[in-house]
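What follows is the residue order along each chain.
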Amino acid sequence: MAKPLVLGNWKMNGSIPANAELLKGLRDWDAKKVELGVCPPAVYLPQCQVVLNGSDVRWGGQDVSTHPEGAYTGEVSARMLRELGSHYVLVGHSERRQYHGETDALVAEKFKVAQAAGLVPVLCIGETQAEREAEQTLAVIERQLQAAIDAVGIAQMAGTVVAYEPVWAIGTGLTASPEQAQAVHAAIRAQLGDVGAKVQVLYGGSVKPDNAAELFGQRDIDGALVGGASLKASDFLAIAKAAV
Ligand code: 13P
């Protein structure tokens, strides 16, 4: 089975002094049993590179352009992320889908471009509250995941990361119960077939030190994508330790 991974999504948070404090608290992490990574706003990637270089902690972007370079104001390319030592990049976070109109097709293209550039793409998928209430959860997850599988081919899914983040559980304090999350994770693993064992399937949505252990206790939950609680070193490390 894939090694657990705990990844922090800082979203649009941070400042140079606050990041310095946070990164100092993380850089001694020993990744023998659990991988640890941070995804700061792109402007702070150089700071992560300076502080985390030589440590076990990895870093990455929160989004990537589908274009290699050129007249795309505001965009950041996969090569630029690599140039700053990024290991990961999130694609298709629900906030990108919701506020920036990202479609399954665009997200799948980002997934493909990121992988081709040598990044590990983290495909974020998840249903809204309305979709869950309409019992569409598994259909939505399957559709979002299939778009990426179709873009790269099933074999190329090995070594990538999928993050299941129910939209209704993000930043709300509501978490999927361990059983609800496990049911979706099992469906994701099944859809991945033979490569399922080579994909880290993370849960995201209000993961905190006090609920991490029971989530990680589920068979198909390989770690977490953490928002709010990744901004405080002690909370983020407590979550990571729960995955050991
Ligand atoms: P919270 O942990 O703040 O709910 O955010 C989850 C998330 O969206 C991580 O990508």
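Heads up: these notes are all about the structure in this document. Counting of residues starts from 1 at the beginning of each chain's written sequence and follows it residue by residue. Thresholds applied to this predicted model are a pLDDT of at least 70 for local features of residues and 80 or more for the giving and counting of side-chain atom pairs; totals over whole chains, interfaces and linings are not thresholded and use all residues. No hydrogens and no water enter the side-chain calculation; it runs on all heavy atoms of the structure.

### Quick look at the overall build of the protein
Now for step 1: Assigned secondary structure in the protein consists of 10 helices and eight strands.
Now for step 2: Only the C-alpha atoms count toward the radius of gyration. The rule for a globule is 2.2 Å times the residue count to the power 0.38. Here the C-alpha atoms of the protein give a radius of gyration of 16 Å, agreeing with the 18 Å that 2.2 N^0.38 yields for 244 residues.
Now for step 3: When the backbone C-alpha atoms are referred to their principal axes, the protein occupies close to 45 × 45 × 30 Å.
Now for step 4: Accessibility here uses a 1.4 Å probe with only protein chains present; expressed as a share of the type maximum, an area under 20% marks a residue as buried, one over 50% as exposed, and anything in between as partly exposed. Buried residues in the protein amount to 50% of all 244 residues.
Now for step 5: Every residue pair with non-hydrogen atoms within 4.5 Å of one another is taken to be in contact. Looking at the protein alone, contacts between residues at least 24 apart form 73% of all its contacts between residues at least 6 apart.
Now for step 6: In this description, accessible areas are obtained by the Shrake-Rupley approach with a 1.4 Å probe, and a residue is regarded as covered only by the protein chains that are shown. Carbon and sulfur atoms make up 53% of the accessible area of the protein, which amounts to about 10,700 Å² in all. Strands are runs of DSSP state E lasting at least two residues, helices are runs of H or I lasting at least four, and both sets are numbered from the N terminus onward.

### Some points on the site of the ligand
Now for step 1: Definition of nearness: a residue and a molecule or strand are near each other if at least one heavy atom of the residue lies within 4 Å of the molecule or strand. With respect to spatial proximity, the complete set of residues near the ligand consists of Asn 9, Lys 11, His 93, Glu 165, Ala 169, Ile 170, Gly 171, Gly 205, Ser 206, Leu 225, Gly 227 and Gly 228.
Now for step 2: A distance of 2.9 Å is found between an oxygen atom of the ligand and a side-chain nitrogen or oxygen belonging to Glu 165.
Now for step 3: Burial of the ligand by the surrounding chains reaches 97%, relative to a free accessible area of 310 Å².
Now for step 4: Of the two site types, the cavity is a set of points on a 1 Å grid over the protein atoms alone where a 1.4 Å probe fits but cannot get out, and the pocket is an open set with protein on both sides within 12 Å along at least five of seven lines, each lined by residues with an atom within 4 Å of a point. Think of it this way: a molecule belongs to a cavity or pocket when more than half its atoms come within 2 Å of the grid points there. Applying the majority rule of atoms within 2 Å of the grid points places the ligand in the second largest pocket.
Now for step 5: Looking at the shell around the ligand residue by residue, the class counts come to three nonpolar, seven polar and two charged. Definition of a polar contact: a pair of N or O atoms within 3.5 Å, with one able to donate and the other able to accept a hydrogen when the atoms are protein atoms, and with sequence-neighbouring residues admitted only if both atoms are side-chain atoms. When residues are sorted by character, Ala, Val, Leu, Ile, Met, Phe, Trp, Tyr, Cys and Pro go into the nonpolar class, Asp, Glu, Lys and Arg into the charged class, and all the rest, Gly among them, into the polar class.

### Topic: empty space enclosed by the protein
Now for step 1: Grid points are joined across faces, edges and corners, and a volume is the space filled by probe spheres set on the points. Per the stated rule, a full pass over the model turns up one cavity of 30 Å³ or more.
Now for step 2: Forming the walls of the largest cavity are Gly 92, Ser 94, Arg 97, Cys 124, Ile 125, Gly 126 and Glu 165.
Now for step 3: Elements supplying a minimum of two residues to the lining of the largest cavity: helix H4 (94-100) and strand E5 (120-125).
Now for step 4: Looking at the lining of the largest cavity residue by residue, the classes come out as two nonpolar, three polar and two charged.

### With respect to the pairing of strand E3 (residues 58-61)
Now for step 1: Here strand E2 (residues 35-39) runs beside E3; their pairing, made up of two bridges, is parallel. Within E3, the position partnered with Val 38 by the bridge is Trp 59.
Now for step 2: By convention, a crossover is right-handed whenever its connection, traced from the first strand over the helix to the second and viewed with the strands pointing away, goes clockwise. Chirality of the crossover, the property in question, places the unit of E2, helix H2 (residues 45-52) and E3 among those that are right-handed.
Now for step 3: The pairing criterion is simple: DSSP has to find at least two bridges between the two strands. In this sheet, strand E4 (residues 88-91) lies alongside E3 in parallel orientation, the contact comprising two bridges. Of the residues in E4, the one forming a bridge with Gly 61 is Val 89.

### Some details on the pattern of salt bridges
Now for step 1: We define a salt bridge as a side-chain nitrogen of Lys or Arg found within 4 Å of a carboxyl oxygen belonging to Asp or Glu. Scanning the entire structure with this criterion turns up 14 salt bridges.
Now for step 2: With a closest N to O distance of 3.2 Å, Arg 79 and Glu 83 form a salt bridge. Pair noted here: Arg 79 and Glu 83 are both in helix H3 (residues 78-83), with a separation of four residues, about one helical turn.
Now for step 3: Overall, Arg 79 belongs to the partly exposed group, its relative accessible area being 44%.
Now for step 4: Given a relative accessible area of 55%, Glu 83 falls into the exposed group.
Now for step 5: Across the salt bridge formed by Glu 102 and Arg 96, the nearest N and O atoms sit 3.0 Å from each other.

### Considering H2
Now for step 1: Among all positions of H2, only Leu 45, Gln 47, Cys 48 and Leu 52 are buried. Down the axis of H2, the buried set is contained in an arc of 155 degrees. They therefore lie on one face.
Now for step 2: In this fold, the buried residues of H2 make contact with helix H1 (16-26), E2, E3 and H3.
Now for step 3: After H2 finishes, the residue Gly 54 shows a positive phi value of roughly 85 degrees. Note that the arc is defined by the directions from the helix axis to the C-beta atoms.

### Focus on helix H5 (residues 104-116)
Now for step 1: Counted at 1.5 Å a residue, the expected span for H5 with its 13 residues is 18 Å, and the 18 Å between its end C-alpha atoms agrees.
Now for step 2: Within H5 the residues assigned to the buried category are Asp 104, Val 107, Ala 108, Lys 110, Phe 111, Ala 114 and Gln 115. What you see down the axis of H5 is that its buried residues fit within an arc of 160 degrees, all on one side. Opposite its buried face, H5 presents the exposed residues Ala 105 and Ala 116, each directed more than 90 degrees away.
Now for step 3: Those residues of H5 that are buried are in contact with H3, E4, H4, E5 and helix H7 (137-152).
Now for step 4: Just beyond H5, the residue with positive phi is Gly 118, at close to 95 degrees. Helices are assigned an expected span. That span is 1.5 Å times one less than the residue count.

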